[in-house]
Amino acid sequence: MPLLELRDVTRAFFADRARSKLMVALDNVSLVIEEGEFVSLLGPSGCGKTVTLNLLAGFLEPTTGQVLFRGEEVRGPSPERGVVFQDYSLFPWLSVGENVAYALKGSKVPKAERDQRVHNALQQVGLDDMEDRRPNLLSGGMKQRVAIARLLAMDSAAMLMDEPFSALDEQTRTALDDSLRNLWSQQGKTIVFVTHSIAEAIAISSRIVLYSSSPGRIVREWQLPNDMPRDLDYPEARALRDEIRAHMDPPRL
Ligand SMILES: Nc1ncnc2c1ncn2[C@@H]1O[C@H](COP(=O)(O)OP(=O)(O)OP(=O)(O)O)[C@@H](O)[C@H]1O
Ligand SMILES: [Mg+2]
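Throughout, a residue's number is its position along its own chain's written sequence, starting from 1. Written order determines the labels here, with chains lettered from A and ligands numbered from 1. Confidence filtering applies because this is a predicted model: local features only for residues at pLDDT of at least 70, side-chain atom pairs given and counted only at 80 or more, and all residues used for totals across whole chains, interfaces and linings. Side-chain measures here rest on the full set of heavy atoms in the structure, leaving out hydrogens and waters.

(A) View of the overall build of the protein chain. Secondary structure elements are defined from DSSP: runs of H or I of at least 4 residues count as helices, runs of E of at least 2 residues count as strands, and each element is numbered from the N terminus. Secondary structure summary: the protein chain contains seven helices and ten strands in total. Computed over the C-alpha atoms, the radius of gyration of the protein chain is 18 Å, within 12% of the 18 Å expected from 2.2 N^0.38 for a compact globule of 253 residues. Residue burial is assigned from relative accessible area. The probe radius is 1.4 Å, only protein chains are included, and a residue is buried under 20% of its type maximum, exposed over 50%, and partly exposed in between. When burial is assessed residue by residue, the protein chain has 48% of its 253 residues classed as buried. Once local pairs closer than 6 in sequence are excluded, the contacts in the protein chain between residues at least 24 apart make up 67%. Element-wise, carbon and sulfur atoms account for 48% of the exposed surface of the protein chain, whose accessible area totals about 12600 Å². Neither His nor the chain termini are counted; the positive set is Lys and Arg, and the negative set is Asp and Glu. To locate a charge, take atom NZ for lysine, CZ for arginine, CG for aspartate or CD for glutamate. Side-chain charges of the protein chain comprise 30 positive and 35 negative groups, with the mean position of each set lying 6 Å from the other. For the radius of gyration, the atoms used are the C-alpha atoms, and the globule rule reads 2.2 Å times the number of residues raised to 0.38. Whether two residues are in contact is decided by their heavy atoms, any of which lying within 4.5 Å being enough. Note on areas: Shrake-Rupley, 1.4 Å probe, and residue coverage restricted to the protein chains presented here.

(B) Just the site of ligand 1, in detail. The cutoff for a nearby residue is simple: one of its non-hydrogen atoms must lie within 4 Å of the molecule or strand. The environment of ligand 1 is made up of Phe13, Met23, Ala25, Pro44, Ser45, Gly46, Cys47, Gly48, Lys49, Thr50, Val51 and Glu163. A distance of 2.8 Å is found between an oxygen atom of ligand 1 and a backbone nitrogen or oxygen belonging to Gly46. What qualifies as a polar contact is a pair of N or O atoms within 3.5 Å, subject to a donor-acceptor requirement within protein and to the restriction that residues adjacent in sequence count only when both atoms come from side chains. At 3.0 Å, a backbone N or O of Gly48 approaches an oxygen atom of ligand 1. Alone, ligand 1 offers 640 Å² of accessible surface; in the complex the protein occludes 60% of this. If you list the elements that add at least two residues to the shell around ligand 1, you get β2 (22-33) and α1 (49-57). It is α1 that provides the largest number of residues to the shell around ligand 1, a total of three residues. For the shell around ligand 1, a count of residues per class yields six nonpolar, four polar and two charged. Residues were grouped as follows: Ala, Val, Leu, Ile, Met, Phe, Trp, Tyr, Cys and Pro as nonpolar; Asp, Glu, Lys and Arg as charged; and all remaining residues, including Gly, as polar.

(C) Expanded view of the sheet that holds strand β8 (residues 190-195). At least two DSSP bridges between two strands are required for those strands to pair. One open sheet accounts for six strands, arranged β6-β7-β8-β3-β9-β10; its pairing is mixed. Either end of the sheet is taken by a strand with one partner, and the two such strands are β6 (81-84) and β10 (218-223). Within the sheet, the average angular offset between the axes of one strand and its neighbour, ignoring direction, is 15 degrees. Against the sheet, helix α5 (residues 170-187) contacts β3 (38-42), β7 (158-162) and β8, and its axis sits at roughly 160 degrees relative to β8. Lines fitted to the C-alpha atoms define the axes, with helices restricted to the stretch that makes contact. Angles between their N-to-C directions range from 0 to 180 degrees. Sheet strands touched by helix α7 (residues 235-247): β3, β9 (207-211) and β10. Its angle to β10, the strand with the most contacts, is close to 170 degrees.

(D) How the structure looks around the layout of surface pockets. A 1.4 Å probe that fits into a set of points on a 1 Å grid over the protein atoms alone but cannot get out defines a cavity; an open set with protein on both sides within 12 Å along at least five of seven lines defines a pocket, and lining residues are those with an atom within 4 Å of a point. Grid points are joined across faces, edges and corners, and a volume is the space filled by probe spheres set on the points. For the largest pocket, the calculated volume is near 280 Å³. Residue lining of the largest pocket: Glu170, Arg173, Thr174, Asp177, Asp178, Ser197, Ala199, Glu200, Ala203, Arg230, Asp231 and Leu232, and that is the complete set. Among the elements of the structure, α5 and α6 (198-204) are those that each provide at least two residues to the lining of the largest pocket. For the lining of the largest pocket, the element with the most residues is α5, which contributes five residues. Split into classes, the residues belonging to the lining of the largest pocket amount to three nonpolar, two polar and seven charged.

And the structure:
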């Protein structure tokens, strides 16, 4: 059974205040995501990537069709499907450790185990020495690592990430892409990663799903072998980039 599935999903919104006109954001999208995949959703601005992620997270409902998690219809958000947003969604008044622990609030995990989980999660993203700091003392890249640690502490089966590194400088982004890919290959988590960067999608994914511009439909998919070179200095990676480029619509402005 797949971990996540969109089955013939269409999602429309009212396009105007009077609610007289409908705008179709996603048009009959079907997508099956197996456990352990690292899937990038790629496409021009406005093509429905964030809408797709919000449907998988349970923040939005489909207009028609179904969203399934382990074969059951998604009825709302769950710690099983953790989200990392583009902007840093940390509580400024809590320490780094408390921000991570917050994810376990309300769960029945005993305190000693909770502390251990928080510590382990921060260790996995290389921030165990920052546990007592406030988020305002962290760089943007560190904040996003805290957000990732939160999902690790929750032990989310699916990590849903909406352009998590796009506000960061190129070098930090590349470093975080690499560490996320390492984390994924060590942990066997399932990651759905939204990006509009072809190079980033090639660097990290096991599969790339390309959307058309609005209304969003799936144009094509590419499966990327684990041992394929991901650096654009290599002809194989460059050839894939050119092929994806040739299929990608310009953004609709
Ligand atoms: N809550 C909403 N109400 C009305 N329209 C919406 C809503 N959410 C999304 N849309 C529309 O759905 C379309 C897809 O939006 P979405 O945010 O998924 O695009 P995206 O691919 O994530 O783009 P970007 O790369 O710019 O983030 C857009 O036209 C957007 O205006
Ligand atoms: Mg978006």
